[in-house]
Structure formats: structure tokens, C-alpha cells
Amino acid sequence: MIQLASRVTQITPSLTLAITARAKEMKAEGMDVCGFASGEPDFDTPQHIKDAAESALDQGKTKYGAVAGESGLREAIARKLNNDNQLNYSADNVIVTNGGKHSLSNLMLALIESGDEVIIPAPYWLSYPEMVKLAGGTPIIVKTTAETDYKITPEQLRQAITPKTKLFVLNSPSNPTGTVYNRAEIEALAEVIIEHDLWVVSDEIYEKILYDGVEHISIGSLGEEIFKRTIISSGFAKSYSMTGWRIGYLAGPEPLIKAVSTIQSHSTSNVCTFAQYGAIAALESPESLPYLQKMRDAFSKRRQVILERIRAIPQLSCPTPMGAFYVFIDISKTGLNSREFCDQLLDKEQVAAIPGAAFDDDHCIRLSYATDLDSIEKGMDRIKKFIDQL
Ligand code: GLU
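Not measured: the values here are computed from a predicted model. (Residues numbered from 1 in each chain as written. Predicted model: local features only at pLDDT ≥ 70, side-chain atom pairs only at ≥ 80, totals over all residues. Heavy atoms only, no water.)

## Some remarks on the site of the ligand
Then comes step 1: As a matter of local geometry, the ligand sits amid Thr16, Leu17, Gly39, Lys101, Trp125, Leu126, Asn175, Lys238, Tyr326 and Arg366.
Then comes step 2: At a separation of 2.9 Å, an oxygen atom of the ligand approaches a polar side-chain atom of Lys101.
Then comes step 3: Within the side chain of Asn175, one N or O atom sits 2.9 Å away from an oxygen atom of the ligand.
Then comes step 4: Protein coverage of the free-state accessible area of the ligand, which is 280 Å², stands at 86%.
Then comes step 5: Residues of the shell around the ligand, tallied by class, amount to 4 nonpolar, 3 polar and 3 charged. (Near = heavy atom within 4 Å. Polar contact = N/O pair within 3.5 Å; in protein donor to acceptor, adjacent residues only side chain to side chain. Areas by Shrake-Rupley, 256 points an atom, 1.4 Å probe, with all protein chains shown as cover. Nonpolar A, V, L, I, M, F, W, Y, C, P; charged D, E, K, R; others polar.)

Right, dumping it as C-alpha cells:
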């Protein structure tokens, strides 16, 4: 028997990726699967972004690059953080990583050590606790409920803090619930973070996907004291339909970014050089603005349709998500737990969804509506049929 390192025995494989792969496999086998599993926009990457990468390839941008990223991209990201998020960063505060996931796991390796506690509000994106454990730290999970729109309150945060607390993970708009914290709520959390001199990592990967005019507030923009304690994690996958490109970034104080760069210099080195030129076009080309608007309009319509269909099924309920492209649905009235529900739904009706247990809430399931309207209608017909036959 292989004696694996203990660090790997403490973690479980990513269920979002596993179910998404299973649904893709079933489709490839010719089955008519409705996929609500994957947090992956169904749009193709915009042409101007592809063109920029192709032209970089033609120009020979095919060699090793700087570990922290091409200077043009780091500068473009810093400009974006200044303009869109009121964060006073320069290129030296930014490192380009192999996707948003990589930026967070790099951060955990650079900041967290054995004994450190990291506070994570649940339901959470399933990779956060595993990354903390891989770094040797202890995830401290704080449960939130639909009654508070799945938002952690300042009192809950305060109660979870111990002398070992090092970092708080904030994710707004949230995966899996779609909740978006407003300015007052973020200000209240920032006060607690400053009071206890913690770090906060703000995962802002869904910041461009917002509904009904709500605003994205970047916690570091609220003042100098919180800015000093803030690290931003984001990437291009969700906003620009670039999931397979694997380009993310981390922004924060320069010594921390340097430390992350040292780690990256011994692990992945630079992100694919010519791909980074596509990311520059995503941030800088005027063609991105109409694309973003079109994407938001499409998601907004899909959200409206899926919510109407969910609310017509008495056994289901969910808060209205204000961002991202997920609905987090309470299925407890069906009498099934989230794994039973998702397993049986896939077997009987070929509908792929993610059990809430993966995000630490076994009463709920997550549906991603990053899929076309016909599939949403068809998938919801099947979910209704499945529940009617229970
Ligand atoms: N973040 C996406 C999701 O939650 C992609 C899969 C993953 O990396 O977890 O579905």
C-alpha cells in the first residue's frame, strides 16, 4: 500500500469538478444531460481576447516570462484595481497566478502556518478549507443561514476570533449562495478585522456579475487601516468566460506578493506567457464593456426564469441571489439530504447539481444557471417531475 503524506489524507477531491466532469462524460456518451453543476459560463471567450493571445503567439511570446507575470498585465490589473475598486495598488502589489484557485492556495502557503486559524463563513466555496489544511492551518467554520441571506454578522465574526486567528475569508458575490454584502455590512466586518488586527482575503472573482443595480464594495477601499490588512484574489475565468485559460491574480502588500512570487518560482513559474496577452485585452479593450453588459443581461434573464421555476415548486425555497450565477436551494422539505437528492436526480432525470454538503449545508443544493435558457427550462421540468415522484 502507498504510504501517502498525511496532508493529502486530510482533504477530499473537489466535488464541483468531479460532478462537472461526470456530467460532461455522460453527455459525451450521448445522454441528454442538463448541467447545473458547473460554475463555468457557457459563452465562448470573446473574440478580441482570443485575437490578442493569438497575435502574442505569432509575435513569439512563447518563452519563460517573469514569475509574477508580464509587466503589461500586472500594470493593467493595478489600473483596474485603482479604477474599478478604489484600491491604491501598483504593479509591484500584483502577482499573476494560474487561476483564482491558485492565487488563494499560494496565499495560504505564504501566510498560514501550523496552529493558525482561518475563519470561513459557511456555506463556502469548497476549496477554501482544503487550502487552509494543505498549508497546515485550521479552518474555523462559521455557519450562516438563509435568514441572514447567508451573510456572517460582525457578532459572529467577533465570537469566532481567538488569539490564533490570522485570516478571515470574505467572498462577495458569493459562491455558492450568490449573496452580496452591502457597504454597511462590509464596514461592520472591517471594524472587527481592524480591532483584532487580522488579515482579510477578499475573493472578488464574481464582482462583475451583479443584479438589480447592487454595487460591489471592495473591503480594502473603506480606509487606510483596512487596506493595509487586505489581500484581493480574483481572476478572468468567470467575467470573461476564460475558465480554461487559467489566469488569476493576487494583490496585496508588496512583501506578501514577493513571498508568493518566491513560492511560485519553485512551483508553477509564470502563467502561460501568450495567454496573459489575452488577459490584457480583457481588461483594456473597449470591446470588453459591451461584452460584459451582454453577459450580465443574459445571466439576469436566466436568474429570473430559474427563480420563477423554483418558486413554483412548494418543496423548494431560496433567497434571491444578487450576484454570481448560482441559486442555493433549500430542499429539506423533500425529505432527502443533499447527496441523496443530487445522486437520485442525476440517475433518474439526468440533471447534474451540486449537493450543498460540499459547501457545508446538507439541506441545500446548488444550481448554476451559467447555461442556456432552454436547458434551464428543461432541467427545471425534470426537477419538478423528480420531486413530484418522490
Ligand atoms: N469555482 C467553480 C465552481 O464552484 C468551478 C469549479 C471549482 O473550481 O470548484 O463550480
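So much for the structure itself; the text now carries on.
## Structural notes on the sheet that holds strand E4 (residues 138-143)
Then comes step 1: On the basis of which strands lie adjacent, the open sheet formed by 7 strands has the order E2-E8-E7-E6-E5-E3-E4 and mixed pairing. Among the strands making up the open sheet, the edge pair consists of strand E2 (94-97) and E4. Strand-to-strand twist in this sheet, taken as the mean axis angle between neighbours without regard to direction, amounts to 20 degrees.
Then comes step 2: Lying over the sheet, helix H4 (residues 71-85) contacts E2, strand E7 (230-235) and strand E8 (248-251), oriented at roughly 115 degrees with respect to E2. (Pairing = 2+ DSSP bridges. Helix = DSSP H or I, 4+ residues; strand = E, 2+ residues; numbered from the N terminus. Axes fitted to C-alpha atoms, helices over the stretch in contact; angles between N-to-C directions. Contact = heavy atoms within 4.5 Å.)

## Thoughts on the packing of aromatic side chains
Then comes step 1: The final tally for this structure, using the stated rule, is 12 aromatic pairs.
Then comes step 2: Seen from their ring centres, Tyr206 and Tyr326 are 5.6 Å apart, and the 75 degrees between their planes marks the pair as edge-to-face. Of this pair, Tyr206 sits in the loop between strand E6 (199-203) and helix H9 (224-228) while Tyr326 sits in strand E9 (residues 326-330), and the two are 120 residues apart along the sequence.
Then comes step 3: Members of the aromatic cluster, connected to one another through ring pairs, are Phe43, Tyr206, Phe299, Phe325 and Tyr326.
Then comes step 4: Sitting over the face of the ring of Tyr181, Lys151 holds its NZ or CZ atom 6.0 Å from the ring centroid. (Phe/Tyr/Trp six-rings, centres within 6.5 Å; stacked < 30°, edge-to-face > 60°. Lys NZ or Arg CZ within 6 Å of the ring centre and 35° of its normal.)

## Here's the deal with the packing of helix H3 (residues 47-58) against helix H11 (residues 273-284)
Then comes step 1: Following both chains from N to C, one finds H3 and H11 inclined at 145 degrees, their axes separated by 7 Å at the closest point. Taken as a pair, H3 and H11 cross one another with a handedness that is right-handed. On the side of H3, the interface is formed by His48, Ile49, Ala52, Ala53, Ala56 and Leu57, while H11 contributes Phe274, Tyr277, Gly278, Ala281 and Ala282.
Then comes step 2: Residue composition of the contact of H3 with H11, by class: 9 nonpolar, 2 polar and no charged. (Left-handed = near helix turned anticlockwise from the far one by under 90°.)

## Description of the sheet that holds E9
The strands that make up a sheet pair up through hydrogen bonds in the backbone, lying either parallel or antiparallel.
Then comes step 1: Spatial ordering of the open sheet is given by E9-E12-E11, a layout of 3 strands whose pairing is antiparallel. The open sheet has two edge strands, E9 and strand E11 (354-355), and neither has a second partner.
Then comes step 2: Taken together, the 5 bridges between E9 and strand E12 (residues 364-368) define a ladder with antiparallel strand orientation. Looking across to E12, one finds that Tyr326 is bridged to Ser368.

## Section: the pattern of salt bridges
Then comes step 1: One pass over the structure, following the stated rule, counts 25 salt bridges.
Then comes step 2: In this structure, Lys143 engages Asp360 in a salt bridge whose closest nitrogen and oxygen atoms are separated by 3.1 Å. Residue Lys143 is found in strand E4, and its partner Asp360 is found in the loop between E11 and E12; the two are separated by 217 residues along the sequence.
Then comes step 3: We classify Asp360 as partly exposed; its relative accessible area is 23%.
Then comes step 4: Several salt bridges converge on common partners, so that one network encompasses Lys80, Asp84, Glu207 and Lys208. (Salt bridge = Lys/Arg side-chain N within 4 Å of Asp/Glu carboxyl O. Buried < 20%, exposed > 50% of the residue type's maximum accessible area, 1.4 Å probe, protein only.)

## Observations regarding a negative patch on the surface
Then comes step 1: Taken together, the side chains of Asp51, Glu54, Asp58 and Glu287 present a region of like negative charge at the surface.
Then comes step 2: Of note, Asp58 is situated in helix H3. (Patch = residues over 30% accessible without salt bridge, like charges linked within 9 Å, V, L, I, M, F, W, Y side chains within 5 Å. Lys, Arg positive; Asp, Glu negative; His and termini not counted. Charge placed at Lys NZ, Arg CZ, Asp CG, Glu CD.)

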